[in-house]
Amino acid sequence: MKKINIAMDGPSAAGKSTVADILAEKLGYIHLDTGAMYRCVALKALREGIALDDAEALKEMLSRTDIRQDTEKHFFLDGEDVSKAIREDHISMATSDVSKVGVVREDLVRRQQKLAEEKGYIVDGRDIGTVVLKDAEVKIYLTASAHARALRRLKQNQENGISTSDLETIEKEIEARDYQDMHREISPLTKAEDAVEIDSSDLTIDEVVDRAYALAAKFLE
Ligand code: DC
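Scoring rules and cut-offs
Throughout this description, residue numbers start from 1 for each chain and increase along the sequence as written. With pLDDT at 70 or above as the cut-off, local features in this predicted model cover only qualifying residues; side-chain atom pairs require 80 or more to be listed or tallied, and sums for whole chains, interfaces and linings still use all residues. Each side-chain value is derived from all of the structure's non-hydrogen atoms; neither hydrogens nor water enter the calculation. Definition of nearness: a residue and a molecule or strand are near each other if at least one heavy atom of the residue lies within 4 Å of the molecule or strand. Each polar contact in these results corresponds to two N or O atoms within 3.5 Å; when the atoms are within protein, one needs to be able to donate a hydrogen and the other to accept it, and residues that are neighboring in sequence are counted only if both atoms are side-chain atoms. Three classes are used, and their members are as follows: Ala, Val, Leu, Ile, Met, Phe, Trp, Tyr, Cys and Pro are nonpolar, Asp, Glu, Lys and Arg are charged, and the others, Gly among them, are polar. The rule for a salt bridge is simple: a side-chain nitrogen of Lys or Arg has to be within 4 Å of a carboxyl oxygen of Asp or Glu. Only DSSP runs of H or I covering at least 4 residues are called helices, and only runs of E covering at least 2 are called strands; the numbering of each starts at the N terminus. Working definition: rings of Phe, Tyr and Trp (its six-membered ring) pair if their centres are within 6.5 Å, and the pair is stacked with planes under 30 degrees apart, edge-to-face with planes over 60 apart, and tilted otherwise. Charge over a ring is defined by NZ of Lys or CZ of Arg lying within 6 Å of the ring centre and within 35 degrees of the ring normal.

Moving on to the site of the ligand. The ligand sits among 16 residues. The nearest are Arg39, Arg105, Arg126, Asp127 and Arg184. Asp181 places a side-chain nitrogen or oxygen 3.0 Å from an oxygen atom of the ligand. In the shell around the ligand, the residues fall into one nonpolar, seven polar and eight charged.

Here's what the structure looks like:
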């Protein structure tokens, strides 16, 4: 069957990762979680005491950084499984900070483009349809209200045994991160002109998956 690439952008906790996982399974594709790559960069910078806006130091750090994702969606930072560590709440805001830095974006965008060269990828992030895979056959912009997203993030943290803030704090953090991600100078989160918007606030995961699948199916005959 013909293989395509699917770009999935949207604000944090809109359900991109869950939907991309299910869709990848259905299509036999690889789900590339680019947010996790930025999270790995933030984690390493924090561990090394590098300021999150120090472009020179971050560039040097990246030149000796290996980031990998296995088929089970585990993330390895220089060989260490950091799948849980990168999901901690304090890493989220640090990631938003580090993702503003041009050299970090350039480096990770290159890595992502190289991975998706072969097609058969569902890539989720903030700049996939607008920068990383401008020519992706299907572009989806998945969104939901801040409240719906905070509820989901809280549940997710609890289920995964990750230390978590209360609902109100999570919602405030989500709004702050949205603002920062949408207003940064380089590649701000924005819907690509040719992306299809899906608001998941009042939809089940299956309903979102069905809509996304229908968009992909057109290209698969
Ligand atoms: O999807 P996520 O919540 O794991 O993303 C973490 C942060 O990384 C988010 O604040 C924005 C940033 N990010 C980005 O700037 N570009 C991407 N392609 C993916 C994530």
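The next thing to look at is the pattern of salt bridges. Scanning all chains against the criterion turns up 17 salt bridges. As a salt-bridge pair, Asp78 and Lys44 come within 2.6 Å of each other at their nearest N and O atoms. Of this pair, Asp78 sits in the loop between β4 (75-77) and β5 (80-81) while Lys44 is found in helix α2 (residues 34-48), placing the two residues 34 residues apart along the sequence. Counted as one network, the salt bridges with shared partners bring together Glu48, Glu60 and Arg64.

It is worth spelling out the packing of aromatic side chains at this point. In this structure the tally under the stated criterion is zero aromatic pairs. In this arrangement the basic side chain of Lys26 is found over the ring face of Tyr213, its NZ or CZ atom lying 5.0 Å from the centre.

We now examine unusual backbone geometry. Residues other than glycine seldom take positive phi values, yet Lys73 does so here, at roughly 65°. In this fold, Lys73 is placed in the loop between β3 (67-69) and β4. Backbone geometry at Lys119 places phi at a positive 75°, although glycine is not the residue there.

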